[in-house]
Every structure is written in structure tokens, then in C-alpha cells.
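What the coordinates show
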Amino acid sequence: MKNKVKFSREHIAYLKKQRQKKIIIAVSRWLVLVLLLGLWELCAYLEWADPYITSSPSRVWQTIVDLNKGNTLFYHIGITLMETVAGFLIAVALGYIIAVALWSSEALRKITEPYIVVLNSLPKIALGPLIIIWIGIGYDAIIFMTVIVSIIVCIMNMLAGFISVDKTKMLLMKSMGAGKITTLRKLIIPSSLPALISTLKVAVGLAWIGSIMGEYVASEAGLGYLINYGRQVMNLNLVMSATFILCVLAGGMYAIVALIEKIVVKQN
């Protein structure tokens with residue numbers, strides 16, 4: 001029979017207090033959301049703000065229902081989700097590989113550093129017309145836009161994670177005759193897991209920015225297309241509905257990354 005772990009009353013009281021604190025925080029988050037939505041609906045109903053300009057939760061919901069009835073809602077969601085996830089995965093993978101290459105060669109890192117800084121500060125929307133000329137209008141152009149928006153930050157974050165690994169451990173690996181590949185596999189990659197998780201969290205937001213930005217410029221479908229179309233015809237209900245769906249999807253994608261973080265932390 002396994003021995004049961006016994007905790008002191010003080011420890012049990014502490015754990016109970018922590019659970020209560022988590023419940024209060026979770027409930028408070030939902031209450032804040034309900035309060036904001038209720039206030040928004042009230043302002044529109046009493047016309048404290050023009051509902052034509054601000055829309056309202058009830059109008060947003062009705063617009064979503066109408067899109068679903070027209071069999072276009074999940075079509076647009078699917079396209080934007082596909083573009084975002086594809087661009088996210090490509091940017092993270094390429095960013096990781098390039099960061100490894102820059103870590104392995106100090107000379108290459110110093111040569112490319114000013115170019116990386118310039119590319120990071122470049123407004124990516126300015127590349128929109130060039131992307132249309134080079135790639136055309138469609139999924140490829142939007143995925144490419146998503147990648148270029150995200151990849152530089154992925155490179156910089158991962159490279160910073162590699163370089164920040166404990167120098168004492170690096171010297172120990174070198175004194176034991178470990179080469180770069182062994183050091184990378186045994187020390188750098190495991191030690192830089194927090195940097196990878198941080199990169200994933202940042203890349204999630206950038207990937208959504210990139211895909212919506214791409215759909216503004218070169219798309220005939222997707223949530224960004226709906227927002228742009230709604231803006232052109234002054235249908236603010238459509239704009240707010242597509243924006244609300246984007247918030248839900250982005251929050252869900254971030255929650256997946258947060259779940260991955262919890263799994264990684266438990267395993268380590």
C-alpha cells in the first residue's frame with residue numbers, strides 16, 4: 001500500500017486559499033467581460049453612442065448568425081485560420097533554424113545583425129504592393145506576409161535565448177570536448193525552452209497581425225477581407241463581428257500555447 005502524503009493544517013489552509021484565489025480571479029475575469037458587454041449594449045440601446053457607428057453585442061451576434069445562415073461564416077474563418085497557422089508554423093520553424101545558424105557562427109551573427117535590425121523596424125505593410133507583384137493575390141501571398149511579419153522577432157527572441165545560456169555550463173561542455181552540435185543538443189536546446197515558449201506567445205499575435213494585414217492587401221476571402229469589405233460599405237456590424245471572431249480565435253490559439261507551456265514545465 002502506498003504511503004499517503006500528510007500535510008500540516010497550515011499547508012492545507014494555504015492550498016485552500018490559493019484555490020479560492022484562482023476561482024476569484026477566473027470569476028472576476030468573466031464578470032469584467034459581462035460588465036463591458038452589458039455597458040456596450042446599454043450605451044447602444046439608450047443611444048448614448050450612435051449604434052450605427054459603435055454597433056452593439058446584440059447586433060454583432062445577429063450578424064454572426066446571418067453569416068452562418070449564408071454558409072459563409074466558417075468558410076471565412078477556415079481560410080484565415082489556415083493562413084495564420086501556416087504562417088505561424090513556418091515563421092517559428094525558419095526563425096529557430098536561422099537562430100541556430102547565427103548562434104553557431106559569431107562572424108555570421110555580426111555580419112547579419114544590422115540587416116536583421118533594419119528588417120525588424122521596416123513597416124511590413126509597405127511590402128504589400130511588392131508581394132502582390134511577386135506572388136499575386138491569394139493564400140500564398142498572405143502566408144508570405146504572415147511569415148515576414150513574424151520571422152524576425154522569432155529569430156531575435158530565439159537567438160537571445162541561445163546566447164543567454166549559462167556561460168559556466170558552456171565552458172564545462174567545452175572542457176569535456178563537446179562540439180557545437182553536441183552542445184546545441186545537450187545544453188542549448190533544453191536550456192532555451194523558456195525562450196521558445198516566449199517566442200511562440202509573441203509569434204501568435206504577430207501571425208494574426210500578418211494574416212489580417214495580408215487579407216487587407218491581397219485577399220478575396222477571410223476575416224480580414226470581411227473587415228475591409230465592411231469598412232468600404234460602412235457596415236460596422238460586419239466589422240465588429242469579424243473583429244470579435246478574431247479575438248476569440250487569437251485567444252484560443254494563445255491558450256493552446258499556454259497549455260503547451262504547462263506541459264513543458266511539468267515535464268521539466
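Owing to the predicted nature of the structure, the values given are computational and were not obtained by experimental measurement.

1. Details of empty space enclosed by the protein
Tallied over the full model, the rule gives one cavity of 30 Å³ or more. Estimates place the volume of the largest cavity at around 40 Å³. Lining of the largest cavity is provided by Gly 128, Ile 131, Ile 132, Ala 141, Ile 142, Met 145, Gly 214, Val 217 and Ala 218. Counting only elements with at least two residues in the lining of the largest cavity, the list comes to helix 6 (128-135), helix 7 (139-163) and helix 10 (193-217).

2. Side note on the packing of helix 4 (residues 73-104) against helix 7
At a closest axis distance of 6 Å, the pairing of helix 4 and helix 7 adopts a crossing angle of 35 degrees. The crossing of helix 4 and helix 7 is right-handed. For the contact of helix 4 with helix 7, the per-class residue count stands at 24 nonpolar, five polar and one charged.

3. Brief notes about the packing of aromatic side chains
Per the stated rule, a full pass over the model turns up two aromatic pairs. Here Tyr 225 and Tyr 229 contribute two aromatic rings whose centre-to-centre distance is 6.3 Å and whose plane-to-plane angle is 20 degrees, an arrangement assigned as stacked. Taken together, the residues span about one helical turn, with Tyr 225 and Tyr 229 both in helix 11 (residues 223-232) at a distance of four residues. Using a relative accessible area of 28% as the deciding quantity, one classes Tyr 225 as partly exposed. Relative accessible area serves as the criterion here: at 39%, Tyr 229 is assigned to the partly exposed category.

4. As for the nonpolar core
Counting residues in each nonpolar core, the largest one holds 27 residues, and the members touching the most others are Phe 88 and Leu 223. Among the secondary structure elements, those contributing two or more residues to this core are helix 3 (57-69), helix 4, helix 10, helix 11 and helix 12 (236-267). No other element matches the nine residues that helix 12 contributes to this core. In this structure Phe 88 touches Thr 146, Leu 200, Ala 203, Val 204, Ala 207 and Met 253, once residues within four positions along its chain are discounted. If you look at the next biggest cluster of nonpolar residues, it comprises 19 residues, including Ala 99, Leu 102, Met 158 and Leu 184.

5. A short note on a nonpolar patch on the surface
A grouping of Leu 39, Leu 42, Tyr 45, Leu 46 and Trp 48 is seen on the molecular surface, where their side chains present a nonpolar patch of about 590 Å² in accessible area. Secondary-structure assignment places Leu 42 in helix 1 (residues 9-45).

6. Here's the deal with the side chain of Thr 63
Mapped onto the secondary structure, Thr 63 falls in helix 3. Classification of Thr 63 by relative accessible area gives buried; the value is 14%. Beyond its immediate chain neighbours, meaning those up to four positions away, Thr 63 contacts Asn 237, Leu 238 and Ser 241.

7. Examining the side chain of Thr 199
With respect to the helices, strands and loops of the structure, Thr 199 is situated in helix 10. Sequence-distant contacts of Thr 199, defined by excluding residues within four places in its chain, comprise Cys 154, Asn 157 and Met 158.

8. Brief notes about the layout of surface pockets
Computed from the structure, the second largest pocket encloses a volume of approximately 180 Å³. Elements with a contribution of two residues or more to the lining of the second largest pocket: helix 1, helix 3 and helix 12. Within the lining of the second largest pocket, the residues separate by chemical class into nine nonpolar, one polar and no charged.

About the thresholds
- Residues numbered from 1 in each chain as written.
- Predicted model: local features only at pLDDT ≥ 70, side-chain atom pairs only at ≥ 80, totals over all residues.
- Heavy atoms only, no water.
- 1 Å grid on protein atoms, 1.4 Å probe; cavity = no way out; pocket = protein on both sides within 12 Å on 5 of 7 lines; lining within 4 Å.
- Points joined across faces, edges and corners; volume = space filled by probe spheres on them.
- Helix = DSSP H or I, 4+ residues; strand = E, 2+ residues; numbered from the N terminus.
- Axes fitted to C-alpha atoms, helices over the stretch in contact; angles between N-to-C directions.
- Left-handed = near helix turned anticlockwise from the far one by under 90°.
- Nonpolar A, V, L, I, M, F, W, Y, C, P; charged D, E, K, R; others polar.
- Phe/Tyr/Trp six-rings, centres within 6.5 Å; stacked < 30°, edge-to-face > 60°.
- Buried < 20%, exposed > 50% of the residue type's maximum accessible area, 1.4 Å probe, protein only.
- Core = buried A, V, L, I, M, F, W, Y, C linked by side-chain atoms within 4.5 Å.
- Contact = heavy atoms within 4.5 Å.
- Patch = residues over 30% accessible without salt bridge, like charges linked within 9 Å, V, L, I, M, F, W, Y side chains within 5 Å.
- Areas by Shrake-Rupley, 256 points an atom, 1.4 Å probe, with all protein chains shown as cover.
- Salt bridge = Lys/Arg side-chain N within 4 Å of Asp/Glu carboxyl O.

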